[in-house]
Protein chains: 2
Amino acid sequence: MMKMHIPHDTPSHDARQDARPFSQILDRLRGAGLRPTRQRMALAKLLFEGGDRHLTAEMLHADAQSANVRVSLATVYNTLHQFHRAGLLREIVVDSQRTYFDTNMSDHHHFYFDQSGELADIPGDQVEVAALPAAPDGMEVSRVDVVVRVRPQGA
Amino acid sequence: MMKMHIPHDTPSHDARQDARPFSQILDRLRGAGLRPTRQRMALAKLLFEGGDRHLTAEMLHADAQSANVRVSLATVYNTLHQFHRAGLLREIVVDSQRTYFDTNMSDHHHFYFDQSGELADIPGDQVEVAALPAAPDGMEVSRVDVVVRVRPQGA
DNA sequence: TGTCAAGTTTAGAATTACTATAATCTGATG
DNA sequence: CATCAGATTATAGTAATTCTAAACTTGACA
Ligand SMILES: [Mn+2]
Ligand SMILES: [Mn+2]
Ligand SMILES: [Zn+2]
Ligand SMILES: [Zn+2]
C-alpha cells in the first residue's frame, strides 16, 4: 500500500497547451496503487474524462469497443471492482439484476428511471435525511442511500 | 379483474373458536383476484401468518419444503411476483444478486446488514426525508427508498 | 355431477450477469 | 535485457431467475 511519487516521463516530450489527460489518468492510477496498464489507462479515460457517468460493466465494455480499445469483459469487471476498492468509483444498487458504477464520488443520491434503467444524480444538498434511528447494537452505518424511483406520469 | 363475492363454504362445518386463518388467507387471495390454489394458499400462509418477513424466492421455497408443502421453485417465483403485482408484497432492492420480498406493506425503510444479507425494518416515522427535488419533467415519483447499510463496528 | 376452457403448475432448458481458472503476457525493477 | 509478480484473457462455471410447453386443476355451467 505504500506509494511513492516517482517522477515519470521526461517533461519536455510534448509542449501542447491543451489538457494533459494522459498524465492526469496516470497519476490517478498510480495514486491508487494500480499499475497503469494499457487496459486500465484506456478504461480510466473512458470513465473519467466524460463527466459523471453511471454505467454497468457491459456498458463500459461496449464503450471500449466503440473506441477501438480491445479489452476483455473479464478485465472490465476486474477493473471496475479494483477502481471501486481504490475509492475511484461508487457501486450503486437500484436493480437486482445489474450492478451500476458511478464516477461521481461526491455525496449524492439518485433518481432511477425504472423503465429505461437510467440513473440521474441528485446533489447531496437537495436531499435531507433529517432523522434516522441509531444503528443496531454493535453495528455502524456504512452509508445511507436514497433512491427516488420515478416513472412516466400516469402508469 | 372483475370480482364478485360469492358465498363460499357452508358456514357451520366447524365451530372452533380460534382464528380462522384459512378463510383469512382465502379472502386475501380472492380479494386479489387470484385463484386460491393449493400452492398459493400454502405460500400465502407461510408468508402472512408469521408476522413481517423479508425473504427471497429460495428462502420461501426452503420454508415450504420444511413445512412439507411440495411446490416447485418456478411456482414460488411466479407466486411472489403475482402477490407483488396484486399489492400483497413489496419488492426490495438492496443487493444486486438477489431479490427480496417484504410482507410489511406499511410505509417504512430498511437497515441492510451487508455481510449477513439480512434486512430489518425502520418504521416510516423514524426516517424523515425532509427535502427532495421535484421529479424530472414528465415523471412522477413511484417510491422513495432509504437503505441504511450497516456493518459490524470497525471494518 | 360431468365437461371443458381457462388458468396453474412443473421439470427442465435457457438466459443473464457475473466469477473462477489457468494459460499467457507485460511492465517495473535490477 | 532478464526476471517475475502482477495483469489479461478465453473459456468454463455458477447463481439467480425466466422461459417453455406439457400435464394438471379449477370453477363455471350444462
Ligand atoms: Mn459486483
Ligand atoms: Mn444474476
Ligand atoms: Zn451518481
Ligand atoms: Zn421491510
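Residues numbered from 1 in each chain as written. Chains lettered and ligands numbered in written order. Predicted model: local features only at pLDDT ≥ 70, side-chain atom pairs only at ≥ 80, totals over all residues. Heavy atoms only, no water.

Once that is clear, we can look at the sheet that holds strand β3 (residues 98-102) of chain A. Strands sit in the order β1-β3-β2 (chain A) across an open sheet of 3 strands; the sheet is antiparallel. Each edge of the sheet is formed by a strand with only one pairing partner; in this case those strands are β1 (54-55) and β2 (90-95) of chain A. (Pairing = 2+ DSSP bridges. Helix = DSSP H or I, 4+ residues; strand = E, 2+ residues; numbered from the N terminus.)

We now examine the domain arrangement of chain A. All names here are of chain A. Partitioning chain A into structural domains gives domain 1 (21-92) and domain 2 (106-150). Centre-to-centre, using C-alpha coordinates, domain 1 lies 24 Å away from domain 2. At the interface, 4 residues of domain 1 touch 8 residues of domain 2. At the boundary of domain 1 with domain 2, total buried surface from both sides reaches about 530 Å², with 47% on carbon and sulfur atoms. Its largest share of buried area at the contact with domain 2, domain 1 owes to His54, Arg90 and Ile92, together 91% of the area lost on that side. Where domain 1 meets domain 2, there are 1 salt bridge. With a closest N to O distance of 3.8 Å, Asp145 and Arg90 form a salt bridge. The interface formed by domain 1 and domain 2 includes 4 residue pairs in polar contact (both at pLDDT 80 or more). (Domains from an automatic or database assignment. Contact = heavy atoms within 4.5 Å. Buried area = accessible area lost by both parts, 1.4 Å probe. Salt bridge = Lys/Arg side-chain N within 4 Å of Asp/Glu carboxyl O. Polar contact = N/O pair within 3.5 Å; in protein donor to acceptor, adjacent residues only side chain to side chain.)

The next subject is the coordination of the zinc ion (ligand 4). Residues and elements named next belong to chain B. All of the protein donors around the zinc ion (ligand 4) are His54 (NE2), Asp102 (OD), His108 (NE2), His110 (NE2) and Asp121 (OD); their distances to the metal are 1.9 to 2.2 Å. For the zinc ion (ligand 4), the single-chain donor residues occur in sequence as H-x47-D-x5-H-x1-H-x10-D. Separated by 19 residues along the polypeptide, Asp102 in strand β3 (residues 98-102) and Asp121 in strand β5 (residues 118-123) bring together distant segments of the chain. Looking at Asp102, the relative accessible area reads 0%, which means it is buried. (Donors = N, O, S within 2.8 Å, 3.2 Å for Na, K, Ca; no water. Buried < 20%, exposed > 50% of the residue type's maximum accessible area, 1.4 Å probe, protein only.)

A separate point is unusual backbone geometry. You will see that Asn68(A), though not glycine, has its phi angle at about 60 degrees, which is positive. When you line up the elements, Asn68(A) lands in the loop between α3 (57-66) and α4 (73-85).

Further remarks concern the pairing of strand β4 (residues 108-113) of chain A. Walk down a regular strand and you will see the side chains alternate between the two sheet faces. Residues and elements named next belong to chain A. Across the 6 residues of β4, 6 count as buried, placing the element largely inside the fold. Burial along β4 is two-sided: His108, His110 and Tyr112 facing one way and His109, Phe111 and Phe113 facing the other are all buried. Two elements, β4 and strand β5 (residues 118-123), share 6 bridges in a ladder whose sense is antiparallel. Looking across to β5, one finds that Tyr112 is bridged to Leu119. Sheet topology note: the β4/strand β7 (residues 139-152) ladder contains 4 bridges and is parallel. Bridge pairing in β7 places Phe111 opposite Val148.

Now for the protein's contact with DNA strand D. Taken together, 20 residues lie near DNA strand D, and Thr37(A), Gln39(A), Arg40(A), Thr75(A) and Thr99(B) sit nearest. The sugar-phosphate backbone supplies 84% of the atoms of DNA strand D found within 4 Å of the protein. Between Arg70(A) and DNA strand D, the recorded distance is 3.5 Å, taken from a backbone N or O atom to a phosphate oxygen. Thr75(A) is positioned such that a nitrogen or oxygen atom in its side chain is 2.6 Å from a phosphate oxygen of DNA strand D. With 4 residues, the top contributor of residues to the surface near DNA strand D is helix α4 (residues 73-85) of chain B. (Near = heavy atom within 4 Å.)

All names here are of chain A. Where helix α2 (residues 38-48) contacts α4, the axes come no closer than 11 Å and their chain directions differ by 65 degrees. Between α2 and α4, the angle is such that the two are roughly perpendicular. Crossing geometry of α2 relative to α4 is assigned as right-handed. The segment α2 lies against α4, with Gln39, Arg40, Leu43, Ala44, Leu47 and Phe48 engaging Thr75, Val76, Thr79, Leu80, Gln82 and Phe83. Taken together, the residues that form the contact of α2 with α4 break down as 7 nonpolar, 4 polar and 1 charged. (Axes fitted to C-alpha atoms, helices over the stretch in contact; angles between N-to-C directions. Parallel < 35°, antiparallel > 145°, perpendicular 65-115°, else oblique. Left-handed = near helix turned anticlockwise from the far one by under 90°. Nonpolar A, V, L, I, M, F, W, Y, C, P; charged D, E, K, R; others polar.)

Let us look at the interface of chain B and chain A. Counting residues at the interface gives 40 residues for chain B, matched by 40 residues for chain A. Of the roughly 3500 Å² buried between chain B and chain A, counting both surfaces, carbon and sulfur atoms make up 58%. For the interface between chain B and chain A, the tally reads 4 salt bridges. At the junction of chain B with chain A, the criterion picks out 20 residue pairs in polar contact (both at pLDDT 80 or more). Of all the secondary structure elements, the ones that give two or more residues to the side of chain B that touches chain A are β2 (90-95), β3, β4 (108-113), β6 (128-131) and β7 (139-152) of chain B. Ranked by the residues each element gives to the side of chain B that touches chain A, the list is headed by β7(B), at 14 residues. Split into classes, the residues belonging to the side of chain B that touches chain A amount to 23 nonpolar, 9 polar and 8 charged.

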